[in-house]
Amino acid sequence: MPNDASSLYEIYDTRFRNLVVPSAGLEELYSDCRWAEGPVWFADTGCLIWSDIPNERMLRWVPGGGVSIYRAPSNFTNGNTRDRQGRLISCEHGGRRVTRTEIDGSITILADSYKGQRLNSPNDVVVRSDGTVWFTDPTYGILSNYEGYKAEPEQATRNVYRLDPSKGELDVVVEDFAQPNGLAFSPDETKLYVADSAASHDVNAPRHIRVFDLVDGRKLANGRVFCNIDAGVPDGFRADVEGNIWTSAGDGVHCFAADGTLIGKIKISQTVANLTFGGPRRNQLFITATRSLYRVFTTATGVQMP
């Protein structure tokens with residue numbers, strides 16, 4: 001049943017008031033995960049797929065059809081997205097790799113090493129309109145055997161990468177993060193936002209989202225802090241067509257305007273890991289939060305491709 005909408009929203013700015021539906025409650029669609037992550041909407045088939053990392057499975061939700069297993073075992077898959085051909089792109093903690101699920105269901109390894117050394121544990125991923133794949137590589141998946149396999153990192157730094165699958169080129173675009181996590185392009189793809197969630201394991205470490213200018217479609221420049229999170233850490237996040245950033249946090253979903261102002265929150269009782277827009281009009285916000293998958297309708301329109 002939907003939660004009481006009157007206690008769901010914290011509105012700090014009229015801009016947020018215009019993005020939410022006051023009467024729209026929070027719907028819990030599923031509640032049997034251990035750590036829900038990586039939601040991705042499939043507009044062509046009308047379903048949502050997401051990861052349940054510790055249970056080593058991926059789940060599928062269909063409106064009116066309930067939840068089923070999409071893939072198990074999942075090799076501890078975390079973040080997911082789609083490329084412009086509609087193929088699923090996933091970050092696997094277990095394989096320490098980024099993969100692509102082909103239309104026939106076979107899996108292609110896109111990246112699992114850099115300069116001869118294994119990646120740490122790819123976490124989240126986005127695909128630009130030119131087909132390049134951008135992903136983060138913190139060490140969360142090798143810190144213990146809970147979300148992957150405990151191991152020593154082989155990379156000296158926790159990097160953000162740009163992969164050109166057509167050429168097989170993998171390049172580091174940022175290497176000064178403590179623990180890079182979620183990432184998203186601005187609607188016009190001139191900027192890339194990247195979360196640093198290192199405060200999850202060190203209270204003195206970053207808990208912010210940084211933003212970079214994209215140069216020639218290949219490099220990042222002018223990195224600066226876009227926003228700080230005042231509860232928990234930023235994990236996964238998405239942009240809407242107006243450039244607002246909707247990010248996970250410890251007390252729900254925080255919405256920041258394109259100028260970095262916190263304009264409102266959607267309060268959720270469980271720690272939020274990730275989110276995505278979906279539905280036929282891209283106005284449904286799907287939220288993965290610890291054990292559960294939630295949905296809330298908004299007046300915002302997500303940047304959703306394809």
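Residues numbered from 1 in each chain as written. Predicted model: local features only at pLDDT ≥ 70, side-chain atom pairs only at ≥ 80, totals over all residues. Heavy atoms only, no water.

- Under the annotation held in an unreviewed UniProt entry, the chain carries the name Gluconolactonase and is attributed to Rhizobium miluonense.

A short note on the UniProt feature "binding site: substrate" (unreviewed entry) in the chain
Item 1. Here, UniProt's "binding site: substrate" (unreviewed entry) annotation points to N123 and E147. For this annotated set, covering 25 residues, all C-alpha atoms fall within 11.0 Å of each other, a compact arrangement in space.
Item 2. You can see N123 is positioned in the loop between β12 (117-118) and β13 (125-127).
Item 3. Those residues in contact with N123, other than ones at most four positions away along the chain, are N78, G79, C91, H93, T136, P138, Y140, N181 and D235.
Item 4. If we skip the residues at most four places from it in the chain, E147 touches W35, I53, P54, F76, H93 and G141. (UniProt positions renumbered as here; feature names shortened; annotations may be inferred. Helix = DSSP H or I, 4+ residues; strand = E, 2+ residues; numbered from the N terminus. Contact = heavy atoms within 4.5 Å.)

Describing the pairing of strand β5 (residues 57-62)
Item 1. Two strands pair when backbone bridges link them, and strand β4 (residues 47-52) and β5 are joined in this way by five bridges, in the antiparallel orientation. Bridge pairing in β5 places D52 opposite R57.
Item 2. Here β4 folds back onto β5 in antiparallel fashion, the turn holding four residues, of which E56 has a positive phi close to 50°.
Item 3. Of the pairings in the sheet, the one linking β5 to strand β6 (residues 66-71) comprises five bridges and is antiparallel in character. (Pairing = 2+ DSSP bridges.)

Focus: the sheet that holds strand β19 (residues 208-215)
Item 1. An order of β17-β18-β19-β20 is seen for the four strands of this open sheet, with the pairing classed as antiparallel. Each of the sheet's edge strands pairs with one partner strand only, and the pair in question is β17 (180-185) and β20 (219-228). Taking the axes of each pair of neighbouring strands and ignoring which way they run, one obtains an average angle of 25° across the sheet.
Item 2. With four bridges joining them, β17 and strand β18 (residues 191-196) adopt antiparallel strand pairing. Across the sheet, L183 pairs through a bridge with V194, a residue of β18. (Axes fitted to C-alpha atoms, helices over the stretch in contact; angles between N-to-C directions.)

Points about the sheet that holds strand β2 (residues 27-30)
Item 1. The strand order across the open sheet formed by four strands is β2-β27-β26-β25, and the pairing between neighbours is antiparallel. In this open sheet, the two strands that pair with only one neighbour each are β2 and β25 (272-278). Going across the sheet, the axis of each strand differs from the next one's by a mean of 30°, ignoring polarity.
Item 2. With six bridges connecting them, strand β26 (residues 284-289) and strand β27 (residues 292-297) associate as antiparallel partners. Bridge pairing in β27 places Q284 opposite F297.

Points about the packing of aromatic side chains
Item 1. Under the definition given, this model contains 13 aromatic pairs.
Item 2. When the centroid spacing of 5.6 Å and the interplanar angle of 55° are considered together, the rings of W61 and F286 count as tilted. One end of the pair, W61, is in strand β5; the other, F286, is in strand β26, with 225 residues separating them in the sequence. Both residues of the pair, W61 and F286, count as buried.
Item 3. With 5.1 Å between their ring centres and 20° between their planes, F135 and Y161 make a pair best called stacked. Taken as a pair, F135 in strand β14 (residues 133-137) and Y161 in strand β15 (residues 158-164) lie far apart in primary sequence, 26 residues in all. As far as burial versus exposure is concerned, F135 and Y161 are alike and both buried. (Phe/Tyr/Trp six-rings, centres within 6.5 Å; stacked < 30°, edge-to-face > 60°. Buried < 20%, exposed > 50% of the residue type's maximum accessible area, 1.4 Å probe, protein only.)

With respect to the side chain of R128
Item 1. Its location among the elements puts R128 in the loop between β13 and β14.
Item 2. Only 2.8 Å separates the side chain of R128 from the side chain of D130, close enough to count as a polar contact.
Item 3. Dropping the residues within four chain positions of it, R128 is found in contact with R84, W134, F185, E189, L214 and G217. (Polar contact = N/O pair within 3.5 Å; in protein donor to acceptor, adjacent residues only side chain to side chain.)

Details of the UniProt feature "binding site: a divalent metal cation" (unreviewed entry) in the chain
Item 1. In the UniProt entry, the feature "binding site: a divalent metal cation" (unreviewed entry) is given for E37, N181 and D235. The largest pairwise C-alpha distance within this set of annotated residues, which runs over 199 residues, is 12.0 Å, so the set is compact in three dimensions.
Item 2. Relative to the helices and strands, E37 resides in strand β3 (residues 36-42).
Item 3. When residues no more than four places from it in sequence are discounted, the contact partners of E37 are W50, S51, I53, N78, D235, A273, N274 and T288.
Item 4. Its place among the elements puts N181 in strand β17.

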